[in-house]
Amino acid sequence: MFRVAVLEGDGIGPEIMESALAVLRQVEDLFGIAFEFRKGLIGGRAIDERGDPLPEETLALCRESSAILLGAVGGPRWDDLPTDKRPEKGLLRIRKELDLFANLRPAKVWEALIEASPLKPEIVRGTDMLVVRELTGDVYYGEPRGVFREGGRRVGINTMRYTEDEIRRVVRRAFEIARLRRRKLTSVDKSNVLEVSGLWREVVEEESKNYPDVELEHLYVDNCAMQMVRRPTTFDVIVTGNIFGDILSDEAGVVVGSLGMLPSASVGERYALYEPVHGSAPDIAGRGVANPIAMILSAAMMLRFSFGMEEAADLVERAVEKTLSEGYRTPDIYSEGCKKVGTAEMTERIVENLKRLKG
Ligand code: NAD
Ligand code: IPM
Ligand code: MN
């Protein structure tokens, strides 16, 4: 019995979670296993119902579970709240409380979706990169922070801060992962300007001595953003701090077709949380048109990394691929000549293909 905490969150969160659960229920049938799904509140709905974006009982539920699935949090309803009372704070707190220091964001181009990328096919074809984003440090958590009065005017302050241990543990993870892939690591920083980035680069250099078999490249973040659209196929694993990783992974999403396709795993030594890279998409929430694939692929990552179910994870990914190659598209990845479908139909097609492929 695998215990899974299910945190739907806000906006399209509940819609795409329903899709992931439908896929996992089919996996239960096909592989003769059982998940115990237990729902918890997070984000805006948790603020409305409990007055806290991460209620204690949700945190307890996560600690008692073998893995956590998260939809997305946030929305215009809560945008006027102060930063530390917003839905997003629930997400930042859960990452910190569970020490989920490495966020793995794979961005691989799907042959069927080459047309969905705004880049030319010859530039994106073959792209297969993995952004390893540090997730529990940086300017997201650094102190001091706030808006203060100074000399009669307001000053906003945030602090970019990393200890060498925080850098080292995520960099090691990235080197280890690069070893399982094409053995190339790109470390991204802004060490031409920032001291904290200087330290980042030094630690990466020190660690690289333990991984002589992995080719190492350093890029400044501005240059990396540019190279990612110019030569995306040359990236394998990218390791970077929290804020640069946030920005670069959205960019990676659109390079390979749509943010609606990008899954992620946030892992530490003990816990693992699986969440799409995208947000709660308030502009399309409640309309039944959200792309469920990022969430479904996040569930596949859970099967692989938390439960060791390699075959089931492969099957889910192949079912997604088959559904795309049959021409089914949600609006975000639609191109001419394809069949436009909503969240529910996309999910049904994927579930159907799971059954077919398992044979
Ligand atoms: P967003 O990722 O929610 O949306 C950006 C654009 O991509 C929108 O046009 C949206 O419609 C589209 N999009 C995103 N996911 C999609 C999907 N699955 N299918 C189809 N289209 C999709 O980013 P935003 O609009 O900047 O933020 C909206 C809210 O989400 C904010 O409150 C933000 O803080 C929050 N957010 C949460 C998370 C998270 O929970 N992990 C991540 C990012 C943003
Ligand atoms: C993400 C999101 C979050 C982040 C926000 C919602 C706090 O953008 O998961 O990428 O910045 O980490
Ligand atoms: Mn983001």
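Residues numbered from 1 in each chain as written. Chains lettered and ligands numbered in written order. Predicted model: local features only at pLDDT ≥ 70, side-chain atom pairs only at ≥ 80, totals over all residues. Heavy atoms only, no water.

In the annotation of an unreviewed UniProt entry, the entry for the protein chain reads 3-isopropylmalate dehydrogenase, and the organism field reads Aquifex aeolicus. Under the UniProt heading Subunit (unreviewed entry), the note attached to the protein chain is "Homodimer." (UniProt positions renumbered as here; feature names shortened; annotations may be inferred.)

Peer 1: I'd like a description of the UniProt feature "domain: Isopropylmalate dehydrogenase-like" (unreviewed entry) in the protein chain, backed by residues and values.
Peer 2: The UniProt feature table records "domain: Isopropylmalate dehydrogenase-like" (unreviewed entry) at residues 3–350. Taken end to end, residues 3–350 is 41% helix and 20% strand, and its two terminal C-alpha atoms sit 24 Å from one another. (Helix = DSSP H or I, 4+ residues; strand = E, 2+ residues; numbered from the N terminus.)

Peer 1: Account for the site of ligand 1, naming residues and giving values.
Peer 2: In the vicinity of ligand 1 lie 21 residues, with Val-73, Glu-88, Gly-279, Ala-281 and Asp-283 positioned nearest. Taking Ala-281, its main chain carries an N or O atom lying 2.8 Å from an oxygen atom of ligand 1. Contact with the protein chains covers 70% of the free accessible surface of ligand 1, which is 800 Å². (Near = heavy atom within 4 Å. Polar contact = N/O pair within 3.5 Å; in protein donor to acceptor, adjacent residues only side chain to side chain. Areas by Shrake-Rupley, 256 points an atom, 1.4 Å probe, with all protein chains shown as cover.)

Peer 1: Which residues make up the site of ligand 2, and what are the values?
Peer 2: Looking at ligand 2, the residues that line it are Glu-88, Leu-92, Arg-95, Arg-105, Arg-133, Tyr-140, Asp-246 and Val-277. Here Arg-133 contributes a side-chain N or O atom positioned 2.7 Å from an oxygen atom of ligand 2. Take Tyr-140: an N or O atom from its side chain is 2.5 Å from an oxygen atom of ligand 2. Against a free-state accessible area of 320 Å², the protein chains account for coverage of 78% of ligand 2. Here ligand 2 is seated within the second largest pocket. The element that contributes the greatest number of residues to the shell around ligand 2 is helix H4 (residues 87–97), accounting for 3 residues. Of the residues contributing to the shell around ligand 2, the split by class is 3 nonpolar, no polar and 5 charged. Each of domain 1 (1–98 + 270–359) and domain 2 (104–259) contributes no fewer than three residues to the shell around ligand 2. (1 Å grid on protein atoms, 1.4 Å probe; cavity = no way out; pocket = protein on both sides within 12 Å on 5 of 7 lines; lining within 4 Å. Sits in = over half its atoms within 2 Å of the grid points. Nonpolar A, V, L, I, M, F, W, Y, C, P; charged D, E, K, R; others polar. Domains from an automatic or database assignment.)

Peer 1: So, the domain arrangement of the protein chain: which residues are in play, and what are the values?
Peer 2: Note on interface size: it is often stated as the accessible area lost on association of the parts. Taken domain by domain, the protein chain consists of domain 1 (1–98 + 270–359) and domain 2 (104–259). Placing the centre of domain 1 and that of domain 2 at their C-alpha centroids yields a distance of 24 Å. In this assembly, 18 residues from domain 1 lie in contact with 17 residues from domain 2. Taking both sides of the interface into account, the surface hidden between domain 1 and domain 2 amounts to around 1600 Å²; carbon and sulfur atoms contribute 68%. On the domain 1 side of the interface with domain 2, the three residues burying the most area are Arg-95, Lys-96 and Val-277, jointly 35% of the side's total. At the junction of domain 1 with domain 2, the criterion picks out 0 salt bridges. Taken together, the links from domain 1 to domain 2 amount to 4 residue pairs in polar contact (both at pLDDT 80 or more). (Contact = heavy atoms within 4.5 Å. Buried area = accessible area lost by both parts, 1.4 Å probe. Salt bridge = Lys/Arg side-chain N within 4 Å of Asp/Glu carboxyl O.)

Peer 1: Please provide a residue-by-residue account of the sheet that holds strand S12 (residues 272–274), values included.
Peer 2: Strands sit in the order S2-S1-S3-S12-S11-S4-S5-S10-S8-S9 across an open sheet of 10 strands; the sheet is mixed. Bordering the open sheet on either side are strand S2 (35–39) and strand S9 (215–220), each of which pairs with just one other strand. Each strand of the sheet is rotated relative to its neighbour by a mean of 25 degrees, with strand direction disregarded. Bridge analysis of strand S8 (residues 184–189) against S9 gives 6 bridges, and the strand direction is parallel. Pairing of Leu-185 across the sheet is with Leu-216, part of S9. (Pairing = 2+ DSSP bridges. Axes fitted to C-alpha atoms, helices over the stretch in contact; angles between N-to-C directions.)

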